[in-house]
Amino acid sequence: MAEAFTVTQVNNYIKNLFSRDYALNRIKVRGEVSNCKYHSTGHIYFTLKDEFAALNCVIFAGSRQSLKFRLADGQQIEAAGQISVYEKSGSYQLYVRDCVLAGAGELYERFLKLKEELGEMGMFADIYKKPIPRYCKRIGIVTSPTGAAIRDIINVSKRRNPYVELILYPALVQGDNAPESIVKGIRRLDEMGLDVLIVGRGGGSIEDLWAFNDRSVAKAVFDAETPIISAVGHETDFTIADFVADLRAPTPSAAAELANFDMEELIVALGAMKQMLENDMGFALELARSRLKSEYNRLERLSPRAVMNDFRHRTDSARLRMEQLIHNKSEQLKARIVLDRQLLAGKMSGKLEAGKKSLAVHAVRLDEMSPLKKISGGYGFLSDENGHTVSSVSELKPDDMLNVYVRDGRISTRVISAENISYE
């Protein structure tokens, strides 16, 4: 069995093979820059890619003096240097000594010039950016009808909102006639009063994306009344349309995400809002009922019926108080009458006894003075024929009839004569 080598030995062997290869030590590679990173050490790490492959590259800090421009993603460059093995990871990469813009370099310069010009005109200013509607129901799309971009947009849109209406303008997105086709698509869909437009295509080289760096396309995007989302290329690809558009999406799929609201999230949100509204309505209704009841009670208190009832109640209360007062006064009066009666009876009894005693005394005295008593002693008294007492002879004349009253009767007589006699 053959002797086994260590990993280090294998990597050293391969590195020696690379170092002895003349072509790999003095090679020039053309490709598109991607994943460009300026490290804090001063080194620049990036990838050169084409349609089918990619190559890791590095420019050490000491070699940056030869770089006449700032390296950025999307640039087409020609990098000269040496391909060698990085033993630690067992990977190979291009150690760049020098690089220049190549092929698309002229396009990139034109891109930078147009970007600067339009920026100075204010076409990138935020003041002109229109907001993307939150709930879009009709979405216009300007892109190729056969590319991956439209499939991605459709898939994402139907997933997020199966009820959204997608309107496609089949435009050319690459080639000399592409700018005119894109402009027509933007203007045609802008006239339809849609909620938002998605303008874009899948990724590619700077040449592939050049239609979206055209001045006419930029002006059509800027002049559109409908908000536009630009979705050109991959996340690292930038075009003039991206800067002019109201919103840039890194990919067509991302544009569909931004343009479409999530129906399930909306349903959940609407449910929460419905519940909150019902709670608020219930609270407001209860508050209104309470206020209505309070106002009704107040109205009842102020109504003629309530006033009359209150008046009746107060009248009844006054009557009861009056009756009670009268009853109390009556009882007091009765008690006083009884007392006064008792006092009067006592006084009358005393007066009566005194009167009886006085009457008895007077009766005795009267009896002593009574003519009848005198008559009974042989005396009598006289009266004329009319019953008038005769107390003086001067009242008589001859032949006057007289009545003489004695103890046991009356004697009628006639005056024969009458003379005065003094008994003194």
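Our subject in this report is the structure included herewith. Counting restarts for each chain, with residues numbered from 1 along the sequence as it is written. Residue-level local features of this predicted model are given only where pLDDT is at least 70; pairs of side-chain atoms are given and counted only at 80 or more, and the full residue set underlies all totals for whole chains, interfaces and linings. Side-chain descriptors were evaluated using all non-hydrogen atoms of the structure, hydrogens and water having been removed beforehand.

### Digging into the overall build of the chain
Then step 1. Counting from the N terminus, the helices are DSSP H or I runs at least four residues long and the strands are E runs at least two residues long. Looking only at helices and strands, the chain features 11 helices and 14 strands.
Then step 2. Scaling as 2.2 N^0.38, a compact globule of 424 residues should have a C-alpha radius of gyration of about 22 Å, whereas the chain reaches 71 Å, well beyond that.
Then step 3. Only heavy atoms matter for contacts: two residues are in contact if any of them lie within 4.5 Å across the pair. Partitioning the contacts of the chain with sequence separation of at least 6, the portion at a separation of at least 24 is 60%.
Then step 4. Neither His nor the chain termini are counted; the positive set is Lys and Arg, and the negative set is Asp and Glu. Here the site of a charge means NZ on Lys, CZ on Arg, CG on Asp, or CD on Glu. When the 57 positive and 56 negative side-chain charges of the chain are each reduced to one mean point, those points stand 6 Å apart. We take the radius of gyration over the C-alpha atoms and set the globule estimate at 2.2 Å times the residue count to the 0.38 power.

### A word on the sheet that holds strand S5 (residues 91-101)
Then step 1. Should DSSP find at least two bridges between two strands, the strands are taken to pair. Judged by pairing direction, the barrel is mixed, and its five strands sit side by side in the order S1-S2-S3-S5-S4 before closing back on the first. Ignoring strand direction, the axes of neighbouring strands in this sheet form an average angle of 55 degrees.
Then step 2. Across the sheet, helix H1 (residues 7-20) lies against strand S4 (76-86) and S5, angled at about 135 degrees from S4, the strand it touches most. Interaxial angle, 0 to 180 degrees, is taken between N-to-C directions of lines fitted to C-alpha atoms, where a helix line uses only the stretch in contact.

### What about the pairing of strand S2 (residues 44-49)?
Then step 1. As paired strands, strand S1 (residues 27-38) and S2 are joined by five bridges and run antiparallel to one another. Counted as the bridge partner of Lys 37 is Tyr 45 from S2.
Then step 2. If you look at the hairpin formed by S1 and S2, you'll find five residues sitting between the two strands, and Gly 42 has a positive phi there, around 105 degrees.
Then step 3. By the bridge criterion, six bridges tie S2 to strand S3 (residues 54-59) in an arrangement that is antiparallel. Bridge pairing links Tyr 45 to Val 58 in S3.

### Topic: the nonpolar core
Then step 1. To form a nonpolar core, buried Ala, Val, Leu, Ile, Met, Phe, Trp, Tyr and Cys residues must be joined to one another through side-chain atoms within 4.5 Å. Partly exposed describes any residue whose relative accessible area lies between the buried limit of under 20% and the exposed limit of over 50%, with all areas from a 1.4 Å probe on protein chains only and scaled to the type maximum. By size, the foremost hydrophobic cluster in this structure holds 35 residues, and its most contacted members are Ile 182, Ile 186, Phe 212 and Ile 228.
Then step 2. Of all the elements in the fold, those that place two or more residues in this core are helix H3 (105-121), helix H5 (178-190), strand S8 (196-201), helix H6 (215-223), strand S9 (228-232) and helix H7 (240-244).
Then step 3. Ignoring sequence-local partners within four residues, the contact set of Ile 182 consists of Val 142, Ala 171, Leu 172, Val 173, Val 199, Ala 211, Phe 212 and Val 217.
Then step 4. Membership of the second largest hydrophobic core comes to 20 residues, among which are Phe 18, Ile 44, Leu 55 and Cys 57.

### Side note on the sheet that holds strand S10 (residues 247-248)
Then step 1. The strand order across the open sheet formed by five strands is S7-S6-S8-S9-S10, and the pairing between neighbours is parallel. Either end of the sheet is taken by a strand with one partner, and the two such strands are strand S7 (165-170) and S10.
Then step 2. For strand S6 (residues 138-143) and S8, the ladder comprises four bridges, and the chain directions are parallel. When the sheet's bridge partners are listed, Val 142 is paired in S8 with Val 199.

### Some details on the pattern of salt bridges
Close approach of charged atoms allows side chains with opposite charge to pair.
Then step 1. The working definition used for a salt bridge is a side-chain nitrogen of Lys or Arg within 4 Å of a carboxyl oxygen of Asp or Glu. Within this structure, the stated rule accounts for 12 salt bridges.
Then step 2. The closest approach of N and O atoms between Lys 219 and Asp 223, which form a salt bridge, is 2.7 Å. Of the two residues, Lys 219 and Asp 223 are both situated in helix H6; the distance of four residues between them amounts to about one turn of the helix.
Then step 3. What makes Lys 219 partly exposed here is its relative accessible area of 46%.
Then step 4. Asp 223 gets classed as partly exposed once you look at its relative accessible area, which sits at 39%.
Then step 5. Overlapping salt bridges, with partners in common, bring together Arg 159, Arg 160 and Glu 257 in one network.

### Here we look at helix H4 (residues 148-160)
Then step 1. In this analysis, the expected span of each helix is defined as 1.5 Å times one less than the number of residues it contains. Between its terminal C-alpha atoms H4 stretches 18 Å, which fits the 18 Å expected from 13 residues at 1.5 Å a residue.
Then step 2. Considered for burial, the residues of H4 that qualify are Ala 149, Ile 150, Ile 153, Val 156, Ser 157 and Arg 160. Mapping the buried residues of H4 onto a view down its axis gives an arc of 135 degrees, with all of them on the same face. In this structure, H4 carries Asn 155 and Arg 159 as exposed residues pointing more than 90 degrees from its buried face.
Then step 3. Close packing links the buried residues of H4 with S6, S7, S8, helix H8 (252-259) and helix H9 (263-302). As used here, the arc is the angular range of directions from the helix axis to the C-beta atoms.

### A closer look at empty space enclosed by the protein
Take a probe with the size of a water molecule and roll it over the atoms, and the empty space left behind shows itself.
Then step 1. In this analysis a 1.4 Å probe is tested at points of a 1 Å grid over the protein atoms alone, and where it fits but cannot get out there is a cavity; an open set with protein on both sides within 12 Å along at least five of seven lines is a pocket; lining residues have an atom within 4 Å of a point. Grid points are joined across faces, edges and corners, and a volume is the space filled by probe spheres set on the points. For the structure shown, the criterion picks out one cavity of 30 Å³ or more.
Then step 2. Taken as a whole, the largest cavity holds about 30 Å³ of empty space.
Then step 3. Looking at the largest cavity, the residues that line it are Ile 141, Val 142, Thr 143, Ala 149, Ile 153, Ile 198, Val 199, Gly 200, Arg 201, Ala 231 and Pro 252.
Then step 4. Breaking the lining of the largest cavity down by element, the ones donating at least two residues are S6, H4 and S8.

### Quick look at unusual backbone geometry
Then step 1. For Asn 35, which is not glycine, the phi torsion reads 50 degrees and is therefore positive.
Then step 2. Counting through the fold element by element, Asn 35 comes out in strand S1.

### With respect to the pairing of S3
Consecutive side chains along a regular strand alternate between the two faces of the sheet.
Then step 1. Hairpin connection from S2 to S3: four residues lie between these consecutive antiparallel strands.
Then step 2. Judged from the two bridges that link them, S3 and S5 form a sheet pairing that is parallel. Bridge pairing in S5 links Cys 57 to Leu 94.

### Looking at a nonpolar patch on the surface
Then step 1. Like charges within 9 Å and nonpolar side chains (Val, Leu, Ile, Met, Phe, Trp, Tyr) within 5 Å are joined into patches, using only residues over 30% in relative accessible area that form no salt bridge. With residues, only the protein chains shown are counted as cover, and all accessible areas are computed by Shrake-Rupley using a 1.4 Å probe. Together, Phe 5, Val 10, Tyr 13, Ile 14 and Leu 17 give the surface a local cluster of nonpolar side chains, amounting to about 490 Å² of exposed area.
Then step 2. Its location among the elements puts Ile 14 in helix H1.

### Describing H8
Then step 1. When H8 is considered as a whole, its buried residues turn out to be Pro 252, Ala 254, Ala 255, Ala 256 and Ala 259.
Then step 2. Tucked inside the fold, the buried residues of H8 contact S6, H4, S8 and S9.

### Some thoughts on the side chain of Ser 84
Then step 1. Assignment of secondary structure puts Ser 84 in strand S4.
Then step 2. Among the residues examined, Ser 84 registers a relative accessible area of 9% and is labelled buried.
Then step 3. When residues no more than four places from it in sequence are discounted, the contact partners of Ser 84 are Lys 15, Phe 18, Ser 91, Tyr 92, Gln 93 and Tyr 95.

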